[in-house]
Amino acid sequence: MKINMTPKDRFIRFILVIVIIILLWAQVLKGALATILGILGIILVITSVYGFCPFYAVLKVSPGKKKKQK
């Protein structure tokens, strides 16, 4: 696996996970929405730790690469 995420992207994902955890802990989110966001939070943490996003790989997107202007 090749790293395809920038540090900024990883930081934003960690912030989103913290927000999801706070909302779950405060019981603002309940039921199916809580379960879905909990799973999404786990996925965000895993992709952030490894620095690899499969969705980016499928779309052949790499936020860290900039196109050279001619």
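Keep in mind it's a predicted model, so treat the numbers as computed, not measured.

Draft legend 1. Layout of the overall build of the protein chain. When helices and strands are tallied, the protein chain shows three helices and zero strands. Counted from the first residue to the last, the protein chain has its helices and strands arranged as α-α-α. Radius of gyration (C-alpha) of the protein chain: 15 Å, far over the 11 Å computed for a compact globule of 70 residues. Along the first, second and third principal axes, the C-alpha atoms of the protein chain reach 50 × 20 × 20 Å. Split into buried and exposed, the 70 residues of the protein chain put 24% on the buried side. Once local pairs closer than 6 in sequence are excluded, the contacts in the protein chain between residues at least 24 apart make up 79%. For the protein chain, the accessible area works out to roughly 5900 Å², and carbon and sulfur atoms hold 72% of it.

Draft legend 2. Structural view of the environment of Arg13. With respect to the helices and strands, the residue Arg13 is situated in helix α1 (residues 7-25). Separated by 15 residues in sequence, Arg13 and Val28 have C-alpha atoms that sit 20 Å apart. Residue contacts for Arg13: discarding those within four places in its chain leaves Met5, Leu44, Thr47, Ser48, Cys53 and Tyr56.

Draft legend 3. Layout of the UniProt feature "transmembrane region" (unreviewed entry) in the protein chain. Annotation from UniProt places "transmembrane region" (unreviewed entry) at residues 12-29 and 35-59. Helix makes up 78% of residues 12-29 and strand 0%, and the two end C-alpha atoms of the span are 21 Å apart. The span residues 35-59 carries 88% helix and 0% strand; its end-to-end C-alpha distance comes to 27 Å.

Draft legend 4. Representation of the pattern of salt bridges in the model. One pass over the full model with this rule turns up one salt bridge. Between Asp9 and Arg13 there is a salt bridge, with its nearest N and O atoms 3.5 Å apart. In this pair, Asp9 and Arg13 are both assigned in helix α1, four residues apart and thus about one turn of the helix distant. Taken individually, Asp9 and Arg13 each receive the classification buried, so the pair is uniform in this respect.

Reading guide: rules and limits
- Residue positions are given per chain, counting from 1 as you read along its sequence in written order.
- Under the rules for a predicted model, residues below a pLDDT of 70 receive no local features and side-chain atom pairs below 80 are neither given nor counted, while totals for whole chains, interfaces and linings still include all residues.
- Only hydrogens and water are removed before side-chain values are computed, so all heavy atoms of the structure are retained for them.
- Helix numbering and strand numbering both begin at the N terminus, where a helix is a DSSP run of H or I of at least 4 residues and a strand a DSSP run of E of at least 2.
- Atoms counted for the radius of gyration: C-alpha only. Globule rule: 2.2 Å times the number of residues to the power 0.38.
- Buried means the residue's accessible area, taken with a 1.4 Å probe over protein chains only, is under 20% of the maximum for its type, while exposed means over 50%, and partly exposed covers the values in between.
- Only heavy atoms matter for contacts: two residues are in contact if any of them lie within 4.5 Å across the pair.
- Working definition of accessibility: Shrake-Rupley area with a 1.4 Å probe, residue cover restricted to the visible protein chains.
- UniProt positions are given in the numbering used here, feature names are shortened, and annotations may be inferred rather than shown by experiment.
- Only one rule defines a salt bridge in this text: a Lys or Arg side-chain nitrogen within 4 Å of an Asp or Glu carboxyl oxygen.

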